[in-house]
Amino acid sequence: MTYYPERTLFDDFFNNGFAGNGLMRTDIAKKDGMYTLSIELPGYKKEDVKISLYNGELKVTASRNETKDEKDARGDLVRSERYNGTVSRSFYVGDTIRDTDIHASYADGILTVTVPTAEKKEAEGKKFISIE
């Protein structure tokens with residue numbers, strides 16, 4: 001992994017390929033020493049979303065596996081569709097942020113993640129963030 005000392009949360013936001021194609025649209029607000037990320041994840045359930053923190057990178061991943069079968073009046077299969085997909089996005093939050101500093105909630109297809117702007121703490125190994 002390459003270390004970018006001058007990177008900020010906003011660098012990833014504007015340079016990430018997902019921002020342009022409609023996947024994981026994200027609004028970022030800074031207020032009272034916290035960044036608040038509002039990430040659109042329509043169609044995903046809370047159980048489909050994972051958030052991890054490793055080496056200063058906050059990674060949000062959403063996976064969905066879905067099968068739809070359509071049958072006629074006699075019960076014969078007319079159409080079957082399968083969807084398997086994963087979207088992922090990373091944000092550099094700094095090496096001093098710990099998993100216990102990050103809070104997340106999910107409601108109505110919007111994942112809200114709060115991250116402190118700057119904390120002077122020791123970095124730890126990869127941790128997963130619980131979603132309320």
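Remember, it's a predicted structure, so these values are computed and weren't measured experimentally.

(A) Quick look at the overall build of the protein chain. On a plain count of helices and strands, the protein chain comes out with two helices and eight strands. Its helices and strands in sequence order give the protein chain the pattern α-α-β-β-β-β-β-β-β-β, from N to C terminus. Every one of the 132 residues in the protein chain was classed for burial, and the buried ones make up 35%. Counted over contacts in the protein chain with a minimum sequence separation of 6, partners at least 24 positions apart contribute 60%. Total accessible area on the protein chain stands at roughly 8,500 Å², and carbon and sulfur atoms take up 46% of it.

(B) A look at the pattern of salt bridges. All chains considered together, the criterion is met by five salt bridges. We note a salt bridge from arginine 64 to glutamate 66, for which the minimum N-O separation is 3.9 Å. For aspartate 76, the salt bridge identified is with arginine 74, shortest N-O distance 2.8 Å. Each member of the salt-bridge network shares a partner with another, and the members are Arg64, Glu66 and Lys68.

(C) How the structure looks around the sheet that holds strand E7 (residues 110–116). Pairing is antiparallel across the open sheet formed by four strands, whose spatial order is E1-E2-E7-E6. A single partner strand is all that each edge strand has here, and the edge strands are strand E1 (26–31) and strand E6 (103–107). Between one strand and the next, the sheet's axes are offset by a mean angle of 15 degrees, whatever the strand orientation.

(D) Local environment of the nonpolar core. Grouped together as the largest cluster of nonpolar side chains are 25 residues, with contacts concentrated most on Leu41, Ile51, Leu111 and Val113. In contact with leucine 41, other than residues within four places in its own chain, are Met24, Val49, Ala62, Val87, Tyr106, Gly109 and Leu111.

(E) Representation of the pairing of strand E5 (residues 77–92). Two strands pair when backbone bridges link them, and strand E4 (residues 57–71) and E5 are joined in this way by 15 bridges, in the antiparallel orientation. Each bridged residue has a counterpart across the sheet, and for serine 63 the counterpart in E5 is threonine 86. Once E4 ends, the chain turns through five residues before running back antiparallel as E5, passing glycine 75 with a positive phi of about 95 degrees.

(F) Expanded view of the confidence of the model for the protein chain. This prediction gives the protein chain a mean pLDDT of 80; 77% of its residues lie at or above 70. Ignoring residues within four places in sequence, the model shows residues 12–22, a span with pLDDT below 50, making 15 contacts including any to other chains.

Rules used in this analysis
- Residues numbered from 1 in each chain as written.
- Predicted model: local features only at pLDDT ≥ 70, side-chain atom pairs only at ≥ 80, totals over all residues.
- Heavy atoms only, no water.
- Helix = DSSP H or I, 4+ residues; strand = E, 2+ residues; numbered from the N terminus.
- Buried < 20%, exposed > 50% of the residue type's maximum accessible area, 1.4 Å probe, protein only.
- Contact = heavy atoms within 4.5 Å.
- Areas by Shrake-Rupley, 256 points an atom, 1.4 Å probe, with all protein chains shown as cover.
- Salt bridge = Lys/Arg side-chain N within 4 Å of Asp/Glu carboxyl O.
- Pairing = 2+ DSSP bridges.
- Axes fitted to C-alpha atoms, helices over the stretch in contact; angles between N-to-C directions.
- Core = buried A, V, L, I, M, F, W, Y, C linked by side-chain atoms within 4.5 Å.
- pLDDT = per-residue confidence, 0-100.

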